[in-house]
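# Working through the structure, step by step
Residues per chain, in single letters:
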Amino acid sequence: MEILIELLPGLMFGALVIGLFSGLPVAVVLGGITIAFAMIAIALGEMRLVQISLIPNRIYGGSIENQVLVAAPMFIFMGVVLEKSRIAEDLLVTLQKLMSSVPGGLALAVTAMGTILAAATGIVGASVVMLTFMALPTMLKRGYSPELASGTIASAGTLGILIPPSVMLVFMGDILSINLARLFVAALMPGLLLAAIYMIYIVVSTLLNPKKAPPSPPLSEAEKAGLWKEAALSFALPCVLILAVLGSILGGIATPTEAAGIGAFGAILLGLLRGRLNLTTLAEATDGSIRTLAMLFFIFMAATAFAYVFRLIGGEHFIVSLAESLNMGDWGILAMLMLMIFILGFFFDWVEITLIMLPIVSPIVGLMDLGEHVAKTDLIYWFAVLMAVNLQTSFLTPPFGFALFFLKGAAGDLVTIGQIYRGIIPFVLLQIGVLALITWQPWIVMWLPNTLLQ
């Protein structure tokens, strides 16, 4: 009996892994395993029946009433409104014209667009679908290789998971109980660095092999005439919104939650200024936002219950003891965690990995000491950004890379799934390279927050 009690946390975690591969909805798996192991723990005397009645209070106080998580619905709504009002579409068309004479200009325009969308919305699915609809047919028509076109769109669309205001960072900040503004600022430089490396790769690869991205035809005089006026208008609107959201956070004027409200209001205002926001469009944006939020919070509530029961039966002690027994040292454990998250990304998306794995591994991170490489106070923020960059690969790695499914669904027969898989390989390697770089040079992550937010 004592052996069974000691193994109970390991059995609960193992049941979760098996359940996730069953194909059932993640929230249902989490809830079912939580109830089952709570009953087993009560039968073994590891839990009291009254503690189950505390789970709803835990969910309400930890998720529903959480002030930090209010930022998530506002950022999602902001992104959907920008999509419905076609402000992003205007920006991409302008970028394509401005970069028409540059090698790989269309691919560079898509990457720049993905970066701006990431800073304005933080929603990966919407960004990938939008970029696919708007850019893929044009790129293929201009003679771009399907692999380069697919890889560029998928990788650019996933920048929203890393560049703030990322919805994933909102959830990570809450789970780790860290300052969300500081986490946003810490993720900004790695996100922009990754976008810059994407662009460098596109330019170099197209210079080495011009057949991958033939030059675009020169602009007509009519297109040139109004280009700069069009560019000023197309850039001004999203840049004002980004400045309002990120600028208010970086300047210490508003908390991320308050900035999310500013962003949602700003998106509505920009849609009205462009004359493309009416009651029907607003209703569609609200409906889309609510559906996304319902899925996220259903999983979040189930994950909160799972983490609560897991801790009650000694889960934290089990994980820490297991890590210490491996005798790998702090660097070895960090490498193991990064490898585990990378492998999980082949099968699950960031929602499952973040909400399930982060509460389990955070006690291990709290015990780490990497000496002078990373200050103890910076360690948790640095680890969170490492995990965010790592999780970005989960959108691109087959067989369950969600960005690939979004792209294929929007592209139809324009590209094959094989071409998409081949196209994302260089970009996944670039992501791994950036992950290695910020692991080696943590100042890339921590310089900006330590400078701006003393």
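Everything in this summary refers to the structure shown in the same document. This is a predicted model, so every value here is computed, not measured.

What follows covers the overall build of the protein chain. Looking only at helices and strands, one finds 22 helices and 0 strands in the protein chain. Counting only residues that meet the buried cut, the protein chain has 55% of its 454 residues in that class. In the protein chain, 79% of the contacts between residues at least 6 apart in sequence involve partners at least 24 apart.

To continue, consider the environment of Val389. Position of Val389 relative to the elements: it lies in helix α19 (residues 376–392). Other than its neighbours up to four places away in sequence, Val389 contacts Leu162, Gln431, Leu435 and Ile438.

Moving on, we get to the environment of Val361. Relative to the assigned elements, Val361 resides in helix α18 (residues 350–367). Judged by its relative accessible area of 5%, Val361 falls in the buried class. A C-alpha to C-alpha distance of 8.0 Å links Val361 and Leu337, two positions 24 residues apart in sequence. Those residues in contact with Val361 that sit more than four places away from it in its chain are Leu337, Met340 and Phe383.

With 16 residues, helix α17 (residues 329–344) extends 22 Å from end C-alpha to end C-alpha; this agrees with the ideal 22 Å at 1.5 Å per step. Every buried residue of α17 is accounted for by Gly332, Ile333, Leu334, Leu337, Met338, Ile341, Phe342 and Leu344.

This structure, assessed with the given rule, holds 3 aromatic pairs. Arranged with centres 5.3 Å apart and planes meeting at 75°, the rings of Tyr198 and Phe427 form a pair that is edge-to-face. Of this pair, Tyr198 sits in helix α11 (residues 180–208) while Phe427 sits in helix α21 (residues 417–440), and the two are 229 residues apart along the sequence. With 5.4 Å between their ring centres and 80° between their planes, Tyr201 and Phe427 make a pair best called edge-to-face. Separated by 226 residues along the polypeptide, Tyr201 in helix α11 and Phe427 in helix α21 bring together distant segments of the chain. For Phe427, a relative accessible area of 1% translates into the label buried. Through a chain of ring-to-ring contacts, the aromatic side chains of Tyr198, Tyr201 and Phe427 assemble into a single cluster. The ring of Tyr381 has Arg182 sitting right over it, with the charged end atom 5.3 Å from the ring centre.

It is the contact of helix α5 (residues 71–84) with helix α10 (residues 167–176), at a shortest axis distance of 9 Å, that shows an interaxial angle of 175°. Put simply, α5 runs roughly antiparallel to α10. Mapping the contact onto sequence places Ala71, Ala72, Phe75 and Ile76 in α5 and Val167, Val170 and Phe171 in α10. Across the contact of α5 with α10, the residue classes tally to 7 nonpolar, no polar and no charged.

The next thing to look at is the pattern of salt bridges. Evaluated as defined, the whole model comprises 2 salt bridges. Glu147 is the salt-bridge partner of Arg422, the closest N and O atoms lying 3.1 Å from each other. Taken together, the residues Arg422 in helix α21 and Glu147 in helix α9 (residues 146–157) connect sequence positions 275 residues apart. Classification of Arg422 as partly exposed rests on a relative accessible area of 47%. A relative accessible area of 22% means that Glu147 is categorised as partly exposed. Of the charged contacts, one joins Asp378 and Arg182 as a salt bridge, the two residues approaching to 3.3 Å between their closest N and O atoms. Of this pair, Asp378 sits in helix α19 while Arg182 sits in helix α11, and the two are 196 residues apart along the sequence. You'll find Asp378 and Arg182 in the same group, each marked buried.

How each quantity is defined
Per chain, residues are indexed from 1 in the order of the written sequence. Totals for whole chains, interfaces and linings use every residue, but because this is a predicted model, local features are given only for residues with pLDDT of at least 70 and side-chain atom pairs only at 80 or more, for both listing and counting. For side-chain calculations, the full set of non-hydrogen atoms in the structure is used, while hydrogens and water are omitted. Per the convention used, a helix needs a DSSP run of H or I reaching at least four residues, while a strand needs a run of E reaching at least two, with both numbered from the N terminus. Partly exposed residues are those whose accessible area sits between 20% and 50% of the maximum for their type, while under 20% is buried and over 50% is exposed, using a 1.4 Å probe and protein chains only. Whether two residues are in contact is decided by their heavy atoms, any of which lying within 4.5 Å being enough. A helix is expected to span 1.5 Å multiplied by its residue count minus one. Ring pairs shown here join Phe, Tyr and Trp side chains whose ring centres sit within 6.5 Å, with only the six-membered ring taken for Trp; geometry is labelled stacked below 30 degrees between planes, edge-to-face above 60, and tilted in between. Only Lys NZ and Arg CZ are tested; either one counts as a charge over a ring when it is within 6 Å of the ring centre and within 35 degrees of the ring normal. Lines fitted to C-alpha atoms define the axes here, with helix axes fitted over just the stretch in contact, and angles between the N-to-C directions of these axes take values from 0 to 180 degrees. Every angle not falling under 35 degrees, over 145, or within 65 to 115 is termed oblique; those three ranges are roughly parallel, roughly antiparallel and roughly perpendicular. Here the nonpolar group is Ala, Val, Leu, Ile, Met, Phe, Trp, Tyr, Cys and Pro; Asp, Glu, Lys and Arg are the charged ones; every other residue, Gly included, is treated as polar. Salt bridges are defined as contacts in which a side-chain nitrogen from Lys or Arg sits within 4 Å of a carboxyl oxygen from Asp or Glu.

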